[in-house]
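What follows is each chain in one-letter form.
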Amino acid sequence: MGDRSASMLELKALRVPQGQYDVAVLGGGLAGLSMALQLKRQRPETRVLVTDKRTEPAPEAAFKVGESTVENGAHYYREVLGMRDHLEQSQLRKLGLRFYLPAGDNSDITKRVEFCTPAHLDAFTHQIDRGRFENELFRRCLKNGADAYRGWRVQDVELGADEHRITLSQEDEMATVSARWIVDASGRANLLRRKLDLGTDTGHHVNAAWIRLAGGLDFEDWTDDAEWLGRMPEPGLRRLSTTHLIAPGYWLWLIQLASGPISIGVCADPRFHPTRRSKASTRSWTGCSATSRN
């Protein structure tokens, strides 16, 4: 019987990072992709590498916070990154920030004081499905000439005087590139911060947990109070706001996403609402994502 291994297919990455770059962006999320796209739009000659450990495009309604943009951020996405067409066609315009203050046991939303920031025709903002948005950023980075790779993890960074070396891996394959500048956009991995021991305690200890509810949610359905419903020009507009339900020690957000689900999350002060977990941790499961930091 012959050696079966001789006939087995050897799977290797079709695209392998290699060569020298002006800028290497470590991390293919919102921050890294935005940086890479801005660089290529403003300096097309700059050689830019983006490496993302995620092997596949992000799922829609990805479990990421940062879905509600503010005015300067929305302007940056629309005008600096050139994402206006995507935001108008594939995301939702945000109808300001909406707040509900406590009232009694908070069981009747119509009894809570309601305040919404005014909407501006020129300085408008968006509620962003992060998965959908980051996938489009990735496509535009490639279109604008950045070398963007999925499925490559950073194994090591060797900092030099004029040039830095980055070692990457995908499955059993290794690759090494060099760059004049390194941008750490690795998120919670904090590659360079950990390597250089730059971490500091901010003193801001807040717990957070969030979920995505398929099919969305219109909280106007919680009541049939005609007077309260009639305060808006038409039904259903409230859900287009980034909505905050506030009570002592916590606030809860409601953010409708263009892809259908609604993002629901809570931020709580552990002095008022302690969790059972006592150290920094992250937990994810189907339909829900939660973090706790103490």
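Relevant structure appears above.
Here's what I pulled together on the structure shown here. Since the model is a prediction, treat every value here as computed from it, not as a measurement.

**With respect to the packing of helix α1 (residues 30-42) against helix α4 (residues 130-143)**
Running from N to C, α1 and α4 point in directions that differ by 30°, and their axes come no closer than 9 Å. Classified by the angle their axes make, α1 and α4 are roughly parallel. The two elements α1 and α4 cross, and the hand of that crossing is left-handed. Taken together, the residues of α4 that come into contact with α1 (itself represented by L30, L33, S34, A36 and L37) are R130, F133, E134, L137, F138, R140 and C141. Classifying every residue of the contact of α1 with α4 gives eight nonpolar, one polar and three charged.

**Description of the packing of α1 against helix α2 (residues 71-80)**
Running from N to C, α1 and α2 cross one another at 40°; their axes reach a closest spacing of 11 Å. Relative to α2, the element α1 lies oblique. α1 and α2 meet at a crossing whose hand is left-handed. Together, L30, S34, M35, Q38, R41 and Q42 of α1 and Y76, Y77, E79 and V80 of α2 make up the contact between the two elements. Here the contact of α1 with α2 is composed, by residue class, of five nonpolar, three polar and two charged.

**Side note on the pattern of salt bridges**
Under the defined criterion, the tally for this structure stands at 20 salt bridges. D85 is the salt-bridge partner of R140, the closest N and O atoms lying 3.0 Å from each other. With R140 in helix α4 and D85 in helix α3 (residues 84-90), the pair connects residues that are 55 residues apart, well separated along the chain. Using a relative accessible area of 36% as the deciding quantity, one classes D85 as partly exposed. Put simply, R231 and E227 hold a salt bridge, and the shortest N to O gap is 3.1 Å. Via salt bridges that share partners, R98, E114, E220, E227, R231 and R238 belong to a single interconnected network.

What counts and what doesn't
Residues numbered from 1 in each chain as written. Predicted model: local features only at pLDDT ≥ 70, side-chain atom pairs only at ≥ 80, totals over all residues. Heavy atoms only, no water. Axes fitted to C-alpha atoms, helices over the stretch in contact; angles between N-to-C directions. Helix = DSSP H or I, 4+ residues; strand = E, 2+ residues; numbered from the N terminus. Parallel < 35°, antiparallel > 145°, perpendicular 65-115°, else oblique. Left-handed = near helix turned anticlockwise from the far one by under 90°. Contact = heavy atoms within 4.5 Å. Nonpolar A, V, L, I, M, F, W, Y, C, P; charged D, E, K, R; others polar. Salt bridge = Lys/Arg side-chain N within 4 Å of Asp/Glu carboxyl O. Buried < 20%, exposed > 50% of the residue type's maximum accessible area, 1.4 Å probe, protein only.

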